[in-house]
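Per-entry structural report
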Amino acid sequence: AMRFLLSLFFSFAAGVRIASPPLFAATAVACRRRALPRAVEAVPGESCTGEKVVVVGATGYIGKAVVRESVRRGYATTAVVRDAAKAAGEPKFEGARIATADVCDPPALGAAGSPFEKGAVDVVISCLASRSGSKKDSFAIDYQATLNCLDAARAAGARHFVLLSAFCVKSAERKDPYALQFQYAKMEFEAKLREQTEMTYSIVRPTAFFKSVSGQLEVVNSGAPFVYFDLGEGRCATCNPISEADLAAALVDTVADKSKENALWNLGGPDDGLSMKQQGEMVAEVLGKEEAKLLAVPIGLFDVIIRGLQGGADLALRASRFDAWPEGAPEWLVKGLASGLAGLAQSLEDSAEFGRIGRYYAVEDMLTTDPADKYGRAAPRPHHQR
């Protein structure tokens, strides 16, 4: 039950692969082999400066879309991957150079023949993100690995760094008591990006991806209810997610758009947003259901689960530090128990953080209201209808 509940809202931070063409695809062909002088006003979905673009985090669902969009625009694009053989069969990498590099190994990033070799890159687009959201993974990837790429880009003489961040980083900035570890990791890297002066930058913070709703399509289609969390008095979280193709187009737009240099861009889809309840009703309509079956789960359930996991983690950690063992207790037994309890504490701590992630997306609105912070053409309903 815990895994099911967490998956519903952890997916709010994830994207979905869609088959629709990128924004303004029909008009962008002319830019494929024509570099746009940077003095010319950038055109969303079309402009291409003709520079060399390196995409890190290229194997993620957004990273793949960015590689495809960058190639479509006419950029000389390099997709940085861990497994080149596996990546070679990825259709979205067609037309891109595939390069193997370990973003956690700084010396290797700038070595001869690497993606960050001196003069080999003009623009870096980082789509790096931790897979789990745990504190350890978040600071290893969202902060340190991304910082490794920034340092490598600076050493290589790159001009511009584009960061795929997250709308919810605002919680870490406000020091909300419920702010998450990955939000702090991203915030700290954003600070490093702003501090350096060798490169310009663009920070893009999307609200959420279509996968936040897609995850329940099959469940509802099978006859099960659409599950959402009730915040009391009929309230539930609201969101205007953005499609992967539109987000990729926006990220690539920042390469040529002078107005996005050294700037933060909160970004949502083109619609006004839907509450979780409205999303459930939409899914039912799209699937042709006569009536929407909705299950409102009290948000307090998450609080009980999180408190239980965190309490267990704290207890196991204290037990791992117990030092009043009976005289004569075998050293191997003492060390073994301490190690096992420390491992259990870390596992429970991570599970508690996953619970906090799920709860966060259950209660926080992921919504942009400024027209300048809405982008693209794809809205959830037409997407799910396809």
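Residues numbered from 1 in each chain as written. Predicted model: local features only at pLDDT ≥ 70, side-chain atom pairs only at ≥ 80, totals over all residues. Heavy atoms only, no water.

Quick notes on the overall build of the chain
- Across its full length, the chain carries 14 helices and eleven strands.
- Of the contacts made within the chain by residues no fewer than 6 positions apart, 78% connect residues no fewer than 24 positions apart.
- Here the chain has roughly 17,600 Å² of accessible surface; of this, 54% comes from carbon and sulfur atoms. (Helix = DSSP H or I, 4+ residues; strand = E, 2+ residues; numbered from the N terminus. Contact = heavy atoms within 4.5 Å. Areas by Shrake-Rupley, 256 points an atom, 1.4 Å probe, with all protein chains shown as cover.)

A closer look at empty space enclosed by the protein
- Counted by the stated rule, this structure contains one cavity of 30 Å³ or more.
- In terms of lining, the largest cavity is formed by Leu128, Asp142, Thr146, Leu163, Leu164, Ser165, Lys186 and Phe189.
- Where the lining of the largest cavity is concerned, the elements lending two or more residues are helix 5 (135-156), strand 5 (160-164) and helix 7 (181-195).
- Residue composition of the lining of the largest cavity, grouped by class: four nonpolar, two polar and two charged. (1 Å grid on protein atoms, 1.4 Å probe; cavity = no way out; pocket = protein on both sides within 12 Å on 5 of 7 lines; lining within 4 Å. Points joined across faces, edges and corners; volume = space filled by probe spheres on them. Nonpolar A, V, L, I, M, F, W, Y, C, P; charged D, E, K, R; others polar.)

Section: the nonpolar core
- Ile62, Val66, Val67, Ile125, Leu247, Leu251 and Leu267 are the most contacted members of the largest nonpolar core, which totals 34 residues.
- Those elements that place two or more of their residues in this core are strand 1 (52-56), helix 2 (61-73), strand 2 (76-81), strand 4 (123-126), strand 5, helix 10 (244-256) and strand 9 (263-267).
- Setting aside its immediate chain neighbours within four residues, Leu251 contacts Ile62, Val66, Ile125, Val162, Leu164 and Val204. (Core = buried A, V, L, I, M, F, W, Y, C linked by side-chain atoms within 4.5 Å. Buried < 20%, exposed > 50% of the residue type's maximum accessible area, 1.4 Å probe, protein only.)

Notes on the pattern of salt bridges
- Following the criterion strictly, the structure yields 23 salt bridges and no others.
- Notably, a salt bridge pairs Glu69 with Arg73, separated by 2.6 Å at the nearest N-O pair. Of the two residues, Glu69 and Arg73 are both situated in helix 2; the distance of four residues between them amounts to about one turn of the helix.
- Taking relative accessible area as the criterion, Glu69 reaches 1% and is therefore assigned buried.
- Overall, Arg73 belongs to the buried group, its relative accessible area being 0%.
- For the salt bridge of Arg359 with Asp303, the shortest nitrogen-to-oxygen distance reads 2.5 Å. Note that Arg359 is positioned in helix 13 (residues 331-363) and Asp303 in helix 12 (residues 300-320), a separation of 56 residues in sequence.
- The exposure class of Arg359 is partly exposed, given its relative accessible area of 24%.
- What emerges from the salt-bridge pattern is a single network uniting Glu51, Arg159, Lys258 and Glu261. (Salt bridge = Lys/Arg side-chain N within 4 Å of Asp/Glu carboxyl O.)

Describing the packing of aromatic side chains
- Per the counting criterion, the structure on display carries seven aromatic pairs.
- Here the aromatic rings of Tyr61 and Phe209 are separated by 6.0 Å at their centres, their planes lie at 75 degrees, and the arrangement is edge-to-face. Of this pair, Tyr61 sits in helix 2 while Phe209 sits in the loop between strand 6 (200-206) and helix 8 (211-214), and the two are 148 residues apart along the sequence.
- Given the relative accessible area of 8%, Phe209 is considered buried.
- An angle of 50 degrees between the planes, with centres 5.9 Å apart, marks the rings of Phe161 and Phe189 as tilted. With Phe161 in strand 5 and Phe189 in helix 7, this pair connects stretches of sequence that are 28 residues apart. The same class applies to Phe161 as to Phe189, namely buried. (Phe/Tyr/Trp six-rings, centres within 6.5 Å; stacked < 30°, edge-to-face > 60°.)

Examining unusual backbone geometry
- Although it is not a glycine, Lys175 adopts a positive phi angle of roughly 60 degrees.
- Looking at the secondary structure, you find Lys175 in the loop between helix 6 (169-174) and helix 7.
- Here the phi dihedral of Asn262 falls at roughly 50 degrees; this positive angle occurs in a residue that is not glycine.
- Position of Asn262 among the secondary structure elements: in the loop between helix 10 and strand 9.

Observations concerning the confidence of the model for the chain
- Here the chain shows a mean pLDDT of 87. Residues at 70 or above account for 89%.
- Within the model, the stretch residues 1-6 combines pLDDT values under 50 with twelve contacts to residues more than four positions away or in other chains. (pLDDT = per-residue confidence, 0-100.)

A short note on the pairing of strand 5
- Judged by how many residues are buried, strand 5 sits mostly within the fold: five of five residues are covered.
- Note on the crossover from strand 4 through helix 5 to strand 5: the handedness is right-handed.
- Bridge count between strand 5 and strand 6: five bridges; the pairing is parallel. Across the sheet, His160 pairs through a bridge with Thr200, a residue of strand 6. (Right-handed = clockwise from strand over helix to strand, strands pointing away. Pairing = 2+ DSSP bridges.)

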